[in-house]
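# Coordinate inspection notes
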Amino acid sequence: MTVTTDSAPDPAPAVEEGARGGAAVRRLMVFGLVSSTTAAVLVASAFTGEEAAPGIPMPGPLVAHGLPFVRAMIDLAAVAVVGLTVLPKLLGFGAPDRTEPVMRRARPLAVSLAWVWALCALVTIVFQTAELNPGQVPTIGMVIDYVSGVGAGQGLLFSAACALASAGIGLLALRFGESVPAEMRIVIALFGLLPIPVTGHAVDSVWHDPIMISMELHVLGAALWTGGLLATMLFVAWDRELLASTLPKFSKLASVCLVVVSVSGLVSGLSTMALTPGVELPGALVTTGYGWLLIAKVVFTAMLVPIAAHIRFRLLPKVERREGTAVATWAAAEIFIMGLAYGVAVALTRAPVG
Amino acid sequence: MSSLTEFLGKVKSVRRLLTALMLAGAALLVGASPAQAHNVLTGSDPKDGATIAEAPDTITLEFDQTVRQGFSQVTVIGPGESRWEEGKPEVDGPKVTAKVRPLGPAGEYVVGYRVLSADGHPISGKITFKLSQDGPGARPEDAGQSAEPAATASAAAPASPAAPQGPDLSAQAAEAAQNGGAAMAVVWVAAALVLLGIGTIVALRRARPSGERPQEGVAG
């Protein structure tokens, strides 16, 4: 996944100067997000991998490592698409001469990342088919059987369809600009996230629906938070004037997302464990791989809080006064930790609960 | 005048946001329904870790949830890597039953399983039991007999079972109904297409008065 952000020259000289200075930090953000997610998902998956059953062929290393990786790339591409579609709402529509150059760079990126999202979702379907049929190269017939029989396959297919729809409407936005409603683009991108929890765990109880809704809120909140931060920092951080009007809006969104993500994450994680037969709650947190991953996510979220608070309460007033700040560096650290949390999240959806 | 258009624009964008939220809410309900539960092994016959005197002819694994038809694999490995399972395991609701050949020498037997959980994840694991007395199959020739299934076991395709069992049609039909299968996929695809269609129409209508700001564009 290569993401170049410094291709188009900026019209405003001051912005261009700043953008050049920030290119290294922006590359660091993108590279940090991808590498931290990849590292976290591979380590966490190895840690909680499927238990080998004696005498039963298990998936080969390509599937065992490739599946979690591609699955994590769906999340990252989707997060970036959500962030890039939210960007126009954060920028506002009041000063098109300032925001339009930014959006002209953001729109094509949103379209290509939507394609990456769709392709990763389709590759994941093939890998999950291979996971169920170890030792065989999946044929088209096997993939069709998998999709028609297993809800996770249908969920991924739906996500891929939404990603393609997102690419389609992104192309329209490329052609017609902001006259394509931003809300429409946001809803389609968020729609594509909804089937993702379906590919994870669920419990069978009267609490099934509340837990699913909690998971949906978790996925939506995390994507808006991470994606919004990524898009704001990649495209706006080096334009003080624009940042002064954009960051306060993102900050409000981020505060809501922080609460939603933490509460919904705890609710769905703990109740999934509590409602699984044979899992005793306080103890299972440290005796099962699922419990450890849950603790890791709580720790990552706890690490995000002070950084987010620093940006919100110390740096934001300076940004609003158009003073230079190290906000991009702090945000890069935040994005790195978010990447770790995303990697662990993917492993968590695949780890056995018991 | 400009403040009036600004106000109208605001009303319009609030209305659009509400529409978006309602759509998202509907999506939430659609998206929330199909997830199935993740299975956990809750019991087995013989029990995990049990010591039994009489060799069983079947091994039953019981899960907390319905196991999906197909994809289930069960192995029974006795002393000296000898294999004892026979044919394909049968799935009946939450129970997976595997036939075993008459068990051989006394010792530890390991039952390995890999089944497809209701939520679509493969789950695997093992249970062990101890046979305290030699079973009816503990004869010298079983060394040669057991080597043969072990050699072919790596092929995932099931060896033709000794007693071919017709697929349980009613169970498969029940599962198809539970999954919603094709009908659900059609609903999803249709929903995506409708959304894309609405988006396209709105985009084209908005694009017509060229150069206008979105808030002041024609009614969406």
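Each remark here, short or long, concerns the structure printed above.
Below, the structure is looked at part by part.

What counts, and at which threshold
- Residues numbered from 1 in each chain as written.
- Chains lettered and ligands numbered in written order.
- Predicted model: local features only at pLDDT ≥ 70, side-chain atom pairs only at ≥ 80, totals over all residues.
- Heavy atoms only, no water.
- Helix = DSSP H or I, 4+ residues; strand = E, 2+ residues; numbered from the N terminus.
- Expected span 1.5 Å × (residues − 1).
- Bend = angle between axes of the 7 residues up to and from the residue.
- Buried < 20%, exposed > 50% of the residue type's maximum accessible area, 1.4 Å probe, protein only.
- Pairing = 2+ DSSP bridges.
- Axes fitted to C-alpha atoms, helices over the stretch in contact; angles between N-to-C directions.
- Patch = residues over 30% accessible without salt bridge, like charges linked within 9 Å, V, L, I, M, F, W, Y side chains within 5 Å.
- Areas by Shrake-Rupley, 256 points an atom, 1.4 Å probe, with all protein chains shown as cover.
- Salt bridge = Lys/Arg side-chain N within 4 Å of Asp/Glu carboxyl O.

## Here we look at the environment of Ala345(A)
Its location among the elements puts Ala345(A) in helix α11 (residues 327-350). Put simply, Ala345(A) and Asp75(A) are 270 residues apart on the chain and 9.8 Å apart in space, counted from C-alpha to C-alpha.

## Regarding helix α2 (residues 61-91) of chain A
Residues and elements named next belong to chain A. Its 31 residues give α2 an end-to-end C-alpha distance of 44 Å, which sits within 8% of 45 Å, the value for a rise of 1.5 Å per residue. Of all the bends in α2, the greatest, near 30°, is centred on Thr85, and the proline Pro88 appears no more than four residues after it. Remark: Gly92 follows α2 within two positions and exhibits a positive phi of approximately 80°.

## Describing the pairing of strand β7 (residues 107-116) of chain B
All names here are of chain B. With respect to burial, β7 is a largely interior element, nine of its ten residues being buried. Strand direction decides the pairing type here: strand β4 (residues 73-77) and β7, joined by five bridges, are antiparallel. Counted as the bridge partner of Gln73 is Arg114 from β7. In the sheet, β7 pairs with strand β8 (residues 122-131) via ten bridges, with the strands oriented antiparallel. Looking across to β8, one finds that Val115 is bridged to Ile123.

## Points about the sheet that holds strand β1 (residues 41-45) of chain B
Residues and elements named next belong to chain B. Pairing is antiparallel across the open sheet formed by four strands, whose spatial order is β1-β3-β6-β5. The sheet is open, and its two edges are formed by β1 and β5 (85-92), each paired on a single side. On average, adjacent strands in this sheet sit at an angle of 15° to one another, irrespective of strand direction.

## Things to note about the sheet that holds β4(B)
One open sheet holds the four strands; their spatial order is β2-β8-β7-β4 (chain B), and the pairing between them is mixed. Looking along the sheet, the strands with just one partner apiece sit at the ends: β2 (51-52) and β4 of chain B.

## Some points on a nonpolar patch on the surface
All names here are of chain A. Where nonpolar side chains cluster on the molecular surface, the patch consists of Trp115, Leu119, Leu122, Leu157 and Leu164 and spans about 440 Å² of accessible area. Of all elements in the fold, only α3 (96-132) and α5 (151-176) reach the threshold of two or more residues within the nonpolar patch. Broken down by element, the nonpolar patch gets its largest block of residues, three residues, from α3. When its relative accessible area of 36% is taken as the criterion, Leu122 is described as partly exposed.

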